[in-house]
Amino acid sequence: MSTIERAEVFVASPGRNFVTLRITTSDGVTGLGDATLNGRELAVASYLRDHLVPLLIGRDPARIEDIWQYLYRGAYWRRGPVTMTAIAAVDVALWDIKGKVAGLPVYQLLGGRSRDGVLVYSHASGTDVPSLLDDVARFRDLGYQAIRAQTGVPGLGGSYGVRKGVVYEPANSSLPDEQPWSTEAYLDFAPTYLAAVREKFGSGFHLLHDVHHRLTPIEAARFGKSVEDLRLFWMEDPTPAENQEAFRLIRQHTTTPIATGEVLNSIWDVKDLITEQLIDYVRTTVVHAGGITHLRRIFDLAALYQVRTGSHGATDLSPISLAAAVHVDLTVPNFGIQEYMPHVAETMEVFRTGVSLANGLLDLDETPGLGVEYDEKAAERFPYDPKYLPVARRLDGSVHDW
Ligand SMILES: O=C(O)C(=O)C[C@H](O)[C@H](O)CO
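Source: prediction; values computed, not measured.

1. Things to note about the domain arrangement of the chain
Argument step 1. Per the domain assignment, the segments making up the chain are domain 1 (4-105) and domain 2 (109-368).
Argument step 2. Look at where the C-alpha atoms of domain 1 and domain 2 centre, and you get two points 26 Å apart.
Argument step 3. On the domain 2 side, the residues contacting the 32 residues of domain 1 number 34 residues.
Argument step 4. The element contributing the most residues to the side of domain 1 that touches domain 2 is helix 3 (residues 81-102), with 12 residues.
Argument step 5. By residue class, the composition of the side of domain 1 that touches domain 2 is 15 nonpolar, 10 polar and 7 charged.

This is the structure:
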């Protein structure tokens, strides 16, 4: 029987920080998993190195479900982003190994294709409305069929979700950047710039918007109502995701579809949102919600309630996670959309993948496993660079949700 012989954790910063797990079997087969938790990378690296790796050595890598249950239930302390990201890295690496051993891409092991390609949305942003419109035009020209639009709010000196230069990376400083926030200014302004996008580009593409957990339930209800005519694909994270009751109130007031879940980590965290039909899209990801094994369980539950998938896919998910997401997205019956931002050149010097983009759809080649390679030597040129996500403060100085 083949066994797990080695499990190594790499922390590197090729363009941004990534934590990568590589499992090697006694037959010399390797599998890769992403363990990146933006701004808290070393907590997951330690969880893996100090607590999970010793449990893996000598186990049968083919027993993915059993290893998942062993790591989850065996910890006693369940759920949470650190635990679920660490378990996800192990799970994804084991699926990679299973695919390589079978000589098949992972999506074939998951039941094969349900679709020809994976619809993605990209991020258009600007410091003001004209620059946002230019960015939307750029993505339309590139063939994207779905675009998320964000712009700086006047008087606030920028806002979440807005790129600085060509790269979107909110974890940008060695201590958290403190950014001002005014709900009143946002609620006055956001519907007008979304309307400007529809006015200029029409309704022949999907328009998305991220509220980034900034509103109270009644404010979110008002926002959703005020943009109903614009037929958004979704408003994302209108309120902090952990207060599930909030979504019931929003729902009572607006037909604007709701997406949430990028910060949630388990089926238990999204159960009520799904079974009570409080959301339309669930944004849990392969990396922060326990890997392919657990994400599929969440998506199957969602399918029963006509909730579709819309996984998080910002660049703090490494190319391993992006590839794993595409394997899942190609197969699940209730796929909705996949978030996608291209990684920078330095990142792609370290990770090589068979993921391709054409006409706003992602696809994979036929490489067995996940189809991702990690260049350890190249990674050594990019040492870990501690960075924090920002913190938001209301204009009176008090802390707000970022
Ligand atoms: O992609 C999104 O919708 C985000 O909100 C991006 C997050 O801010 C980012 O992934 C945090 O690490």
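2. Quick look at the packing of helix 2 (residues 64-74) against helix 3
Argument step 1. Relative orientation of the contacting elements helix 2 and helix 3 amounts to 170 degrees, with a least axis distance of 10 Å. The angle between helix 2 and helix 3 places the two elements in the roughly antiparallel class. Residue-level contacts link I64, I67, W68, L71 and Y72 of helix 2 to I87, V90, D91, L94, W95 and K98 of helix 3.
Argument step 2. Classifying every residue of the contact of helix 2 with helix 3 by side-chain character gives 9 nonpolar, no polar and 2 charged.

3. A closer look at the pairing of strand 14 (residues 355-358)
Argument step 1. Sheet analysis places strand 14 next to strand 15 (residues 361-364), joined by 4 bridges and oriented antiparallel. Within the sheet, the bridge partner assigned to S356 lies in strand 15 and is D363.
Argument step 2. From the end of strand 14 to the start of strand 15, which pair antiparallel, there are 2 residues, and N359 there has a positive phi angle of about 55 degrees.

4. So, the site of the ligand
Argument step 1. The ligand sits among N38, P170, D210, H212, E262, H312, A314, D316, E339 and L389.
Argument step 2. Among the residues making up the shell around the ligand, the classes are represented as 3 nonpolar, 3 polar and 4 charged.

5. Let's talk about the sheet that holds strand 3 (residues 30-34)
Argument step 1. Pairing is antiparallel in the open sheet, where 3 strands are placed in the order 1-2-3. Where the open sheet ends on each side, the last strands, each with one partner, are strand 1 (4-12) and strand 3. On average, each strand axis in the sheet is tilted by 20 degrees relative to the strand beside it, whichever way the strands run.
Argument step 2. Pairing of strand 2 (residues 18-25) with strand 3 involves 5 bridges; the strand directions are antiparallel. When the bridges of strand 3 are listed, T20 appears paired with D34.
Argument step 3. With respect to the sheet, helix 1 (residues 41-56) is in contact with strand 1 and strand 2, its orientation differing from that of strand 1 by roughly 175 degrees.

6. Observations concerning the packing of helix 9 (residues 267-275) against helix 10 (residues 291-304)
Argument step 1. Remark: helix 9 packs on helix 10, axes separated minimally by 10 Å, with the N-to-C direction vectors making an angle of 10 degrees. With respect to helix 10, the element helix 9 is oriented roughly parallel. Contact residues: I267, V270 and I274 in helix 9; H294, R297, I298, L301 and A302 in helix 10.
Argument step 2. Broken down by class, the residue content of the contact of helix 9 with helix 10 amounts to 6 nonpolar, 1 polar and 1 charged.

Quick notes on the rules
- Residues numbered from 1 in each chain as written.
- Predicted model: local features only at pLDDT ≥ 70, side-chain atom pairs only at ≥ 80, totals over all residues.
- Domains from an automatic or database assignment.
- Contact = placed C-beta atoms within 7 Å.
- Helix = DSSP H or I, 4+ residues; strand = E, 2+ residues; numbered from the N terminus.
- Nonpolar A, V, L, I, M, F, W, Y, C, P; charged D, E, K, R; others polar.
- Axes fitted to C-alpha atoms, helices over the stretch in contact; angles between N-to-C directions.
- Parallel < 35°, antiparallel > 145°, perpendicular 65-115°, else oblique.
- Pairing = 2+ DSSP bridges.
- Near = placed C-beta within 6 Å.

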